[in-house]
Amino acid sequence: MQKFALLCCMAPLFLLLGLLPFALAGHDYGQALSKSILFFEAQRSGYLPSTQRVKWRGHSGLNDGKANGVDLVGGYYDAGDNVKFGLPMAFTVTMMSWSIVEYGKQMAASGELSHAMDAVKWGTDYFIKAHPQPFVLYGEVGDGNTDHYCWQRPEDMTTSRQAYKIDPSNPGSDLAGETAAAMAAASIVFRRSNPSYSNELLAHAHQLFEFADKYRGKYDSSITVAQKYYRSVSGYADELLWAAAWLYKATNNQYYLSYLGNNGGSLGGTGWAMTEFGWDVKYAGVQTLVAKFLMGGKAGNYASVFGEYQQKAEFFMCSCLGKGGGNVQKTPGGLIFRQRWNNLQFVTSASFLLSVYSDYLTSAGKTLNCQSGRVAPSELLSFAKSQVDYILGDNPRATSYMVGYGSNYPQQVHHRASSIVSVKVNPSFVTCRGGYATWYSRKASDPNLLTGAVVGGPDAYDNFADERDNYEQTEPATYNNAPLLGLLARLHGGHSGYNQLLPVVLPMPKAQPKPAPETKTAPAQVPSSAPISIEQKMTTSWNDKGKTYYRYSTTVTNKSPKTLKGINLSISKLYGPLWGLTKSGDSYGFPAWINSLPAGKSLEFVYIHSASQADVSVSSYNLE
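Residues numbered from 1 in each chain as written. Predicted model: local features only at pLDDT ≥ 70, side-chain atom pairs only at ≥ 80, totals over all residues. Heavy atoms only, no water.

J.: Help me understand unusual backbone geometry in this model?
T.: Glycine aside, residues mostly have negative phi angles, and peptide bonds mostly take the trans form. One non-glycine residue, Asn 252, adopts positive backbone phi at about 60°. Within the secondary structure layout, Asn 252 lies in the loop between α9 (237-251) and α10 (254-263). Unusually for a residue other than glycine, Asn 342 sits at a positive phi of about 50°. Inspection of the secondary structure puts Asn 342 in the loop between β5 (336-337) and α13 (344-364). (Helix = DSSP H or I, 4+ residues; strand = E, 2+ residues; numbered from the N terminus.)

Here you go:
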């Protein structure tokens, strides 16, 4: 779990130190990409699908949101703990999506595009649940204080699962803005392969941006339990610009272009020159995206303002290279060093920006203008590659900081699930404090390999202690890996001809074999204490022309003592015909032959399609 980072300033840091030779023994970037995506499956919360590849994990957090009357099952644990923090989770999804938007073709060529898209969707499916109303967003499940008191597998956790939200009375512009950015970026990812889902994500993104902009405030002033762990030091101005940039990229709506142009000064987009990019501070990311709009001829009447954004983007690039006015500190081995706690998060994020900006410059036929002079775009990519190679093992300790990659990598990761024997191997309950006594203090390798996880990494002098209690260096995080997906895909794909300034057209992911849906009764997407219950089951299946079709029966029951006079159901992921309900706009209501449902009575509807069951939930109802 990441404690808050301090906001980086413009003051010069340390002088550039020497770099190691690139790729001393050469690296298999394709293998590293596959492993880095696999890490996200180990971080999943909720009901794990039959396609789950990390087999030592089990279902967890199955009652999340229940006490608050909302379904918050799913999403990701952020790091080595069992809390779901909304701000870093949203940044993770934004960066995974950006990785796919820029380098989806390379991912497809390596056979990893569908896995990367699955990783994004696991996050966005959760965000849809967490955003039940236009101006309501749940931003945390569980809390770090009670979670840190215990060392338990997520499958065993007994800690608080209270959910915390923002709303107009308790705003959180940074949280809502980052989640809007994630939804907008992900909508581009699914635009071709799942257009209805893409449109659903965009609808949420528009609402969340309006919420963030209209009701301004820092989210950790509303969700105070987050302050100790993910405090928003930079405030919310950067997230407002970040969200606007992604909404413009996703929609070409001139409103968002104007927002970037008119608010660049007041919100800091044209003022802050940064040497840091991460879950808290988004300015360098905004400036890089806006520079792309400018170089792609999409600045409209705001070319001069966008030029100011670009100047700050290039300040970041030059500073990373050691050729600017605020050069970043580096270790003797050449690694970017920002802070002692989970430093590699800043390395992967910065390296991703360097990579995409290199490709933007190449596409535009331009060079980078630093204080030391002109810099070729290839130099940006080479430096980004040196940072990746360092992470994968080209460093003074010859240690790979990606678990499971290479022959020398961390064995005692600060991670509850990987450090305790799998519930599949030994289902015996692990108590809150017993986990510390038995597993945390154990001086041995983790029983479960956390494949692909990028840990916190070495200190300012390239030193690293592989010890479970050394959480500053051995704890991994989802936002460490997310930017690395695109960078690894880029390095694995080589220099094949493509133009990053052209409109994005992602390839269709390769079809994955789909197992037959389970025939068990599915849980309702409403709390069991709600007056209406929903149960689904598959009743039959058949093959036709090589495709398998399934018939699903869904039963809606009035569990209240009153008569149900009206109901609106929301049904998504429906790809075939439905019988037994009346459709009105985007929702479904009683069939024509029923106008009410007495207490204790049920109605049934059925549908057929060649996919797993649809998502059915109650949007509204009237009891009389």
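J.: Sorry, what's going on with the state of the cysteines here?
T.: Linking two cysteines covalently via their sulfur atoms produces the bond known as a disulfide. Inspection of every chain in the model, using the stated rule, returns 2 disulfides. Two residues share a disulfide in this structure: Cys 318 and Cys 370, whose sulfurs sit 2.0 Å from each other. Here the disulfide of Cys 318 and Cys 370 is left-handed, its torsion about the S-S bond being about -90°. Taken together, the residues span a long stretch of sequence, with Cys 318 in helix α12 (residues 303-321) and Cys 370 in strand β6 (residues 368-370) at a distance of 52 residues. Judged by its relative accessible area of 3%, Cys 318 is buried. We classify Cys 370 as buried; its relative accessible area is 7%. Of note for the protein chain: the bonded cysteines, numbered N- to C-terminal, pair according to 1-4, 2-3. No disulfide involves Cys 320; its sulfur sits 9.4 Å from the nearest other cysteine sulfur, which is in Cys 318. (Disulfide = S-S within 2.5 Å. Buried < 20%, exposed > 50% of the residue type's maximum accessible area, 1.4 Å probe, protein only.)

J.: For this particular structure, what's the right way to read the sheet that holds strand β2 (residues 137-141)?
T.: Reading across the sheet, the 3 strands line up as β1-β2-β3 and stay open at both edges, with antiparallel pairing between neighbours. Of all strands in the sheet, those bounded by a partner on one side alone are β1 (84-85) and β3 (163-166). Pairing analysis gives 2 bridges linking β1 to β2, with the strands arranged antiparallel. Looking at β2, one finds that Lys 84 is bridged to Val 141. Of the strands in this sheet, β2 and β3 touch helix α5 (residues 173-189), which is tilted by about 100° from β2. (Pairing = 2+ DSSP bridges. Contact = heavy atoms within 4.5 Å. Axes fitted to C-alpha atoms, helices over the stretch in contact; angles between N-to-C directions.)

J.: I would appreciate a short explanation of helix α3 (residues 113-130) in the present structure.
T.: Residues that lie three or four places apart on an α-helix share one face, since the helix turns once every 3.6 residues. Over its 18 residues, α3 extends 26 Å from the first C-alpha to the last, a length consistent with the 26 Å expected when each residue adds 1.5 Å. Here α3 lies mainly inside the structure; 15 of its 18 residues are buried. (Expected span 1.5 Å × (residues − 1).)

J.: Can you help me understand the sheet that holds strand β11 (residues 578-579) in this one?
T.: The strands making up a sheet associate through backbone hydrogen bonding, with each pair oriented either parallel or antiparallel. Across the sheet, 4 strands lie side by side as β8-β9-β14-β11; this open sheet has antiparallel pairing. Every interior strand has two partners, whereas the edge strands, β8 (532-544) and β11, have only one. Across 12 bridges, the pairing between β8 and strand β9 (residues 547-558) is antiparallel. Each bridged residue has a counterpart across the sheet, and for Met 538 the counterpart in β9 is Tyr 552.

J.: Looking at this model, I keep getting lost on the packing of α13 against helix α18 (residues 478-493). Mind explaining?
T.: The relative placement of two packed helices comes down to the angle between their axes together with the axis-to-axis distance. Closest axis-to-axis distance for the α13/α18 pair is 8 Å, and the angle between their directions is 35°. Two packed elements cross with a definite hand, and for α13 against α18 that hand is left-handed. Between α13 and α18, the contacting residues are Gln 345, Thr 348, Ser 349, Ser 351, Phe 352, Ser 355 and Asp 359 on the first element and Tyr 479, Asn 480, Pro 483, Leu 484, Gly 486, Leu 487 and Arg 490 on the second. Here the residues of the contact of α13 with α18 sort into 5 nonpolar, 7 polar and 2 charged. (Left-handed = near helix turned anticlockwise from the far one by under 90°. Nonpolar A, V, L, I, M, F, W, Y, C, P; charged D, E, K, R; others polar.)

J.: Can you help me understand the environment of Leu 368 in this one?
T.: Tracing the chain through its elements places Leu 368 in strand β6. Look at Leu 368 and you get buried, because its relative accessible area is 0%. Separated by 11 residues in sequence, Leu 368 and Glu 379 place their C-alpha atoms 9.5 Å apart. Each residue touching Leu 368, except ones within four places of it in the same chain, is listed here: Glu 314, Met 317, Cys 318, Leu 321, Tyr 357, Leu 361, Gly 373, Arg 374, Val 375 and Leu 380.

J.: Explain the packing of aromatic side chains to me, please; I cannot follow it from the model alone.
T.: The description of two aromatic rings rests on the distance between their centres and on the angle between their planes. Counted according to the given criterion, the structure contains 35 aromatic pairs. Each ring, one from Phe 39 and one from Phe 40, has its centre 5.9 Å from the other, and the planes form 55°; the classification is tilted. The buried category is assigned to Phe 40, whose relative accessible area is 1%. With centroids separated by 5.3 Å and ring planes inclined at 70°, the aromatic side chains of Phe 135 and Tyr 215 adopt a geometry described as edge-to-face. With Phe 135 in the loop between α3 and β2 and Tyr 215 in the loop between α6 (195-214) and α7 (219-222), this residue pair connects regions lying 80 residues apart in the sequence. (Phe/Tyr/Trp six-rings, centres within 6.5 Å; stacked < 30°, edge-to-face > 60°.)

J.: Looking at this structure, I do not really get the nonpolar core. What am I missing?
T.: It is characteristic of soluble globular proteins that their nonpolar side chains tend to be buried jointly. Ranked by size, the top nonpolar core spans 158 residues in total, and within it Trp 98, Phe 306 and Leu 368 carry the most contacts. Sequence-distant contacts of Phe 306, that is, excluding residues within four places in its chain, are made with Leu 257, Leu 260, Gly 261, Val 290, Phe 293, Leu 294 and Ala 299. (Core = buried A, V, L, I, M, F, W, Y, C linked by side-chain atoms within 4.5 Å.)

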